[in-house]
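# Examination of the molecular architecture
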Amino acid sequence: MIYLKQEKEFDELTKEGLVLVDFYADWCGPCQMLSPILEELSKKNENLKIVKINVDEFQQLAVQNKVLSIPAIKIYKDGKLVNQSVGYQELEDLEALIK
């Protein structure tokens, strides 16, 4: 998993391949519950890149990506948004999102 460090990295990280972006906050309980599931998803899908974005640190990115509630999952394929979900997701639900 990649934790976004600078806003300008977003476009670079999402422009190629299959990318799951997790918009989260440290204080968010469902976000914390989702983290180990994302770890497991990452291990099961080597071609999937997972990028975590803290909405408290990157508020502008959250606004640009229309994040109104967290955790918010956005799936990008070669730079284009192809799927999304809001709220806690089980592993099977996330696997369905990336297919």
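Scroll up a little and you will see the structure.
Just so it is clear, the structure is predicted and the values come from calculations on it, not from any experiment.

So, how was this worked out
Residue numbers here run from 1 along each chain, matching the order of that chain's written sequence. Owing to the predicted nature of the model, reporting of local features is limited to residues with pLDDT of at least 70; listing and counting of side-chain atom pairs is limited to 80 or more, with chain, interface and lining totals taken over all residues. Hydrogens and water are ignored here; the side-chain numbers use all heavy atoms of the structure. The rule for a disulfide is simple: a pair of cysteine sulfur atoms within 2.5 Å. When accessible area is computed with a 1.4 Å probe and restricted to protein chains, residues below 20% of their type maximum are described as buried, those above 50% as exposed, and intermediate ones as partly exposed. Put simply, DSSP marks the helices as runs of H or I at least four residues long and the strands as runs of E at least two long, and each gets a number from the N terminus on. Expected helix span is given by 1.5 Å per residue-to-residue step, counting one fewer step than there are residues. The reported bend at a residue is simply the angle between two axes, fitted to the 7 residues ending at it and to the 7 residues beginning with it. In this analysis, two residues are considered to be in contact whenever any of their non-hydrogen atoms come within 4.5 Å of each other. Each aromatic pair joins two rings of Phe, Tyr and Trp (for Trp, the six-membered one) with centres within 6.5 Å, and gets the label stacked for planes under 30 degrees apart, edge-to-face for over 60, and tilted for any other angle. Should DSSP find at least two bridges between two strands, the strands are regarded as paired. Every axis in this analysis is a line fitted to C-alpha atoms, fitted for helices over the stretch in contact. Angles between the N-to-C directions lie between 0 and 180 degrees.

## A short note on the state of the cysteines
On inspection of all chains with the given rule, the structure shows one disulfide. Across a sulfur-sulfur distance of 2.4 Å, cysteine 28 and cysteine 31 are joined as a disulfide pair. Its S-S torsion of about 75° marks the bond between cysteine 28 and cysteine 31 as right-handed, since a negative value means left-handed. Taking relative accessible area as the criterion, cysteine 28 reaches 4% and is therefore assigned buried. Residue cysteine 31 is classed as buried on the basis of its relative accessible area of 3%.

## Overview of helix 2 (residues 29-44)
Here helix 2 contains 16 residues, and its C-alpha end-to-end distance of 24 Å stays within 8% of the 22 Å for a straight helix at 1.5 Å per residue. Maximal helix bending in helix 2 amounts to about 30°, located at serine 35; proline proline 36 follows within four positions. What helix 2 keeps buried is the set Cys31, Leu34, Ser35, Ile37, Leu38 and Leu41. Residues of helix 2 that are buried make contact with strand 1 (2-3), strand 2 (18-24), strand 3 (48-54), strand 4 (72-77) and helix 4 (91-98).

## Describing the packing of aromatic side chains
Centre distance and the angle of the planes are the two values used to describe a pair of aromatic rings. Per the stated rule, a full pass over the model turns up two aromatic pairs. The interplanar angle of 80° and the centroid separation of 6.3 Å between the aromatic rings of tyrosine 3 and tyrosine 24 together place this pair among those described as edge-to-face. Taken together, the positions of tyrosine 3 in strand 1 and tyrosine 24 in strand 2 put the pair 21 residues apart, joining distant regions of the chain. Given the relative accessible area of 41%, tyrosine 3 is considered partly exposed. Tyrosine 24 sits in the buried class, given a relative accessible area of 10%.

## Remarks on the sheet that holds strand 3
One open sheet holds the five strands; their spatial order is 1-3-2-4-5, and the pairing between them is mixed. Strands at the two margins of the open sheet, each flanked by one partner only, are strand 1 and strand 5 (80-86). Relative to strand 3, strand 2 runs parallel, the two being bridged by seven bridges. Following the sheet pairing, aspartate 22 is matched in strand 3 by lysine 52. Where helix 2 meets the sheet, its contacts fall on strand 1, strand 2, strand 3 and strand 4, and the angle it forms with strand 3 comes to roughly 160°. On top of the sheet, helix 4 reaches strand 2, strand 3, strand 4 and strand 5; it is set at about 30° to strand 4, its chief contact.

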